[in-house]
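# Close look at the chain arrangement
The lines below spell out each chain.
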Amino acid sequence: MTNESDATTSTDVDWDAQAASFDDEPDHGLRDPDVRRAWAERLRGWLPGHAADVLDLGCGTGSLSLLTAEQGHRVTGVDRSPNMVALARAKLAGRDAVFLVGDAAEPPVGEERFDVVLVRHVLWSLPDPGRALRHWRELLRPGGRLVLIEGVWGTVTPVGIPADRLTALLAPLAGQVRVDRLSDDALLWGRVAVDDERYAVVATV
């Protein structure tokens, strides 16, 4: 289990420098058709069945944003890296999508509200996950949902947020909380079997 001091070390990463090679990871770029299809199918089960406004926080180069837009949703993406945002804008050129440079914990969306807040591998790295969750809930319309894709990575010095801790943080904020285990779906990770904890939480408010 990670602690807050472990988690904050991820902020030392120069994401602008990482942007050019970010999509080389199979589950980042989703370039393999089967990997892409696996993520698309998962998203279809997590997102509403009708066109919705989706806020993708820590969107990176926009791979999940693109899958979301392809399923008919309107996307607003936020990332603190200008280089990541530039790549996301190029990837979704011509789509119903807007990308903003900003902090995922305090996204610069003003009074705009959304049907879904989608976050992948971001919450664990924040110094105060509970505060971020409370703020993200405020960005949802009534009946909206949080879709949080997280995990615990590594065995020697693991980092991440366990599912039981995340569900405990969500308990006072959401009416319904569902956990989907992802570790056993090798396609999501580029056809690589993993034995650490990977999961998605869908929380309806």
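Let me sum up the structure you'll find in this document. (Residues numbered from 1 in each chain as written. Predicted model: local features only at pLDDT ≥ 70, side-chain atom pairs only at ≥ 80, totals over all residues. Heavy atoms only, no water.)

## Focus on the overall build of the chain
A tally of helices and strands in the chain yields eight helices and eight strands. Its C-alpha radius of gyration of 16 Å places the chain within 12% of the 17 Å reference for a compact globule of 205 residues. Sorting the 205 residues of the chain into buried and exposed places 50% on the buried side. Intrachain contacts of the chain at a sequence separation of at least 6 include 66% that bridge at least 24 residues. Accessible area of the chain: about 9,500 Å², with a carbon and sulfur share of 50%. Taking the average place of the 22 positive charges on the side chains of the chain and the average place of its 32 negative ones, the gap between the two points comes to 5 Å. (Helix = DSSP H or I, 4+ residues; strand = E, 2+ residues; numbered from the N terminus. Rg over C-alpha atoms; globule rule 2.2 N^0.38 Å. Buried < 20%, exposed > 50% of the residue type's maximum accessible area, 1.4 Å probe, protein only. Contact = heavy atoms within 4.5 Å. Areas by Shrake-Rupley, 256 points an atom, 1.4 Å probe, with all protein chains shown as cover. Lys, Arg positive; Asp, Glu negative; His and termini not counted. Charge placed at Lys NZ, Arg CZ, Asp CG, Glu CD.)

## Side note on the side chain of D79
Within the fold, D79 resides in strand β2 (residues 74-79). One buried charged side chain, D79, makes no salt bridge at all; its nearest oppositely charged neighbour is R80, positioned 6.6 Å away. In this structure the side chain of D79 is engaged in a polar contact, spanning 3.5 Å, whose partner is the backbone nitrogen of C59. Contacts of D79, omitting those with residues within four sequence positions, involve G58, C59, G60, M84, V85, L100, V101 and G102. (Salt bridge = Lys/Arg side-chain N within 4 Å of Asp/Glu carboxyl O. Polar contact = N/O pair within 3.5 Å; in protein donor to acceptor, adjacent residues only side chain to side chain.)

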